[in-house]
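This is what each chain is made of:
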Amino acid sequence: MIIWLIGISGAGKTTIGRRLEEYLNKAGRKNYLLDGDEVRDLFDRDLGYTDADREANIKRILLGAYLLDKNGIVGIICNIAPLEHLRALARKKIAGYNEIYLKKDLAVSRKNDVKGVYRDNEGKTPIVGIDARFDEPQHPDLVLEVDKLSEEETFQAVLDYMEKKYGKGWEKEVRA
């Protein structure tokens, strides 16, 4: 299964992703957290932030997610994934795809700016939600308005969704 956490910069994707990773590790479930920044670093940041470059990077992430799913590893994908047609492609190609939209107000993200994305890059590179588009998700499996929830409530909502979809004990390693 793939748990793809989407949303603008500062929505809490990596924070919730790391909590899921820790939770699954404790449960003994094979998993891998794939962060969009990690993919850019792996390829020595050979892609910029044009629409075409963003699309190419997301396709790299999509391939990684596909391979994790095919090999029975829970993929925790932390990526803005701003383009609806690529989210639709992921849904079509990845059997275990779960799209979780961490919906965050742009003004709040800019104000808090935990990673310095807005402060350090505004006016230098297009930022999703400001000068680069973010397509509102058309078919998310779960929408969490993170400005109204604590980190703990957000994390618990993800766990509740996974249990509802896959049943009690979903986080345990499945053995043949």
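- Identification of the protein as Adenylyl-sulfate kinase from Candidatus Caccousia avicola is taken from an unreviewed UniProt entry.

## Quick word on the packing of helix α3 (residues 51–70) against helix α4 (residues 84–93)
Link 1 in the chain: Two elements in contact, α3 and α4, have axes separated by 11 Å at closest approach and are oriented at 15°. Taken together, the axes of α3 and α4 are roughly parallel relative to one another. The chirality of how α3 crosses α4 is right-handed. From α3, Glu-55, Ile-58, Lys-59, Leu-62 and Tyr-66 reach across to α4, where they touch His-85, Leu-86, Leu-89, Ala-90 and Lys-93.

## Considering helix α1 (residues 13–27)
Link 1 in the chain: Spanning 15 residues, α1 covers 21 Å between terminal C-alpha atoms, matching the ideal 21 Å at 1.5 Å per step.
Link 2 in the chain: Burial in α1 covers these residues: Lys-13, Ile-16, Gly-17, Leu-20 and Leu-24. Axial view of α1: buried residues confined to an arc of 100°, hence all on one face.
Link 3 in the chain: At its buried positions, α1 is contacted by β1 (2–6), β2 (31–35), β3 (74–78), β4 (97–103) and α7 (151–166).
Link 4 in the chain: Residue Gly-28 follows α1 closely and has a positive phi angle near 80°.

## A look at the sheet that holds β1
Link 1 in the chain: The parallel open sheet is built from five strands, whose spatial order is β2-β3-β1-β4-β5. In this open sheet, the two edge strands, each paired with only one partner strand, are β2 and β5 (142–145). Ignoring which end each strand starts from, the neighbouring axes of this sheet average 15° apart.
Link 2 in the chain: Inspection of the sheet shows β1 paired to β3 by four bridges, in the parallel sense. The residue of β3 that forms the bridge with Leu-5 is Cys-78.
Link 3 in the chain: Lying over the sheet, α1 contacts β1, β2, β3 and β4, oriented at roughly 165° with respect to β3.

## What about the pattern of salt bridges?
Link 1 in the chain: Going through the model one piece at a time under the given rule, you end up with 17 salt bridges.
Link 2 in the chain: Between Asp-37 and Lys-115 there is a salt bridge, with the nearest N and O atoms lying 3.6 Å from each other. Of the two residues, Asp-37 is situated in helix α2 (residues 36–42) and Lys-115 in the loop between α5 (106–112) and α6 (117–121); the sequence distance between them amounts to 78 residues.
Link 3 in the chain: Classification of Lys-115 by relative accessible area gives exposed; the value is 52%.

## Notes on the pairing of β3
Link 1 in the chain: β3 sits mainly inside the fold: five of its five residues count as buried.
Link 2 in the chain: On β3, burial covers both faces: Val-74, Ile-76 and Cys-78 on one face and Gly-75 and Ile-77 on the other are all buried.

## So, the environment of Glu-84
Link 1 in the chain: Topologically, Glu-84 is positioned in helix α4.
Link 2 in the chain: Separated by 52 residues in the primary sequence, Glu-84 and Glu-136 place their C-alpha atoms 7.4 Å from one another.
Link 3 in the chain: Dropping the residues within four chain positions of it, Glu-84 is found in contact with Asp-135, Glu-136, Pro-137, Gln-138 and His-139.
Link 4 in the chain: Within the structure, the side chain of Glu-84 is placed 3.2 Å from the backbone nitrogen of Gln-138, a separation counted as a polar contact.

## Focus: unusual backbone geometry
Link 1 in the chain: We note that Arg-45 has phi near 50°; this positive angle belongs to a residue other than glycine.
Link 2 in the chain: Residue position: Arg-45 is located in the loop between α2 and α3.
Link 3 in the chain: Judged by its relative accessible area of 41%, Arg-45 is partly exposed.
Link 4 in the chain: For Ala-81, which is not glycine, the phi dihedral falls at a positive 45°.

## Topic: the nonpolar core
Link 1 in the chain: Counting residues in hydrophobic clusters, the biggest one holds 22 residues, and the most contacted among them are Ile-3, Leu-5, Leu-20, Ile-76 and Ile-100.
Link 2 in the chain: Broken down by secondary-structure element, the contributors of at least two residues to this core are β1, α1, β3, β4, β5 and α7.
Link 3 in the chain: It is α7 that contributes the most residues to this core, five residues altogether.
Link 4 in the chain: When sequence neighbours within four positions are dropped, the list of residues in contact with Leu-20 reads Ile-3, Leu-5, Ile-76, Phe-155, Val-158 and Leu-159.
Link 5 in the chain: Grouped together as the second largest cluster of nonpolar side chains are 21 residues, Ile-2, Ile-8, Ala-81 and Tyr-118 included.

Thresholds applied
- Residues numbered from 1 in each chain as written.
- Predicted model: local features only at pLDDT ≥ 70, side-chain atom pairs only at ≥ 80, totals over all residues.
- Heavy atoms only, no water.
- Axes fitted to C-alpha atoms, helices over the stretch in contact; angles between N-to-C directions.
- Helix = DSSP H or I, 4+ residues; strand = E, 2+ residues; numbered from the N terminus.
- Parallel < 35°, antiparallel > 145°, perpendicular 65-115°, else oblique.
- Left-handed = near helix turned anticlockwise from the far one by under 90°.
- Contact = heavy atoms within 4.5 Å.
- Expected span 1.5 Å × (residues − 1).
- Buried < 20%, exposed > 50% of the residue type's maximum accessible area, 1.4 Å probe, protein only.
- Arc of directions from axis to C-beta.
- Pairing = 2+ DSSP bridges.
- Salt bridge = Lys/Arg side-chain N within 4 Å of Asp/Glu carboxyl O.
- Polar contact = N/O pair within 3.5 Å; in protein donor to acceptor, adjacent residues only side chain to side chain.
- Core = buried A, V, L, I, M, F, W, Y, C linked by side-chain atoms within 4.5 Å.

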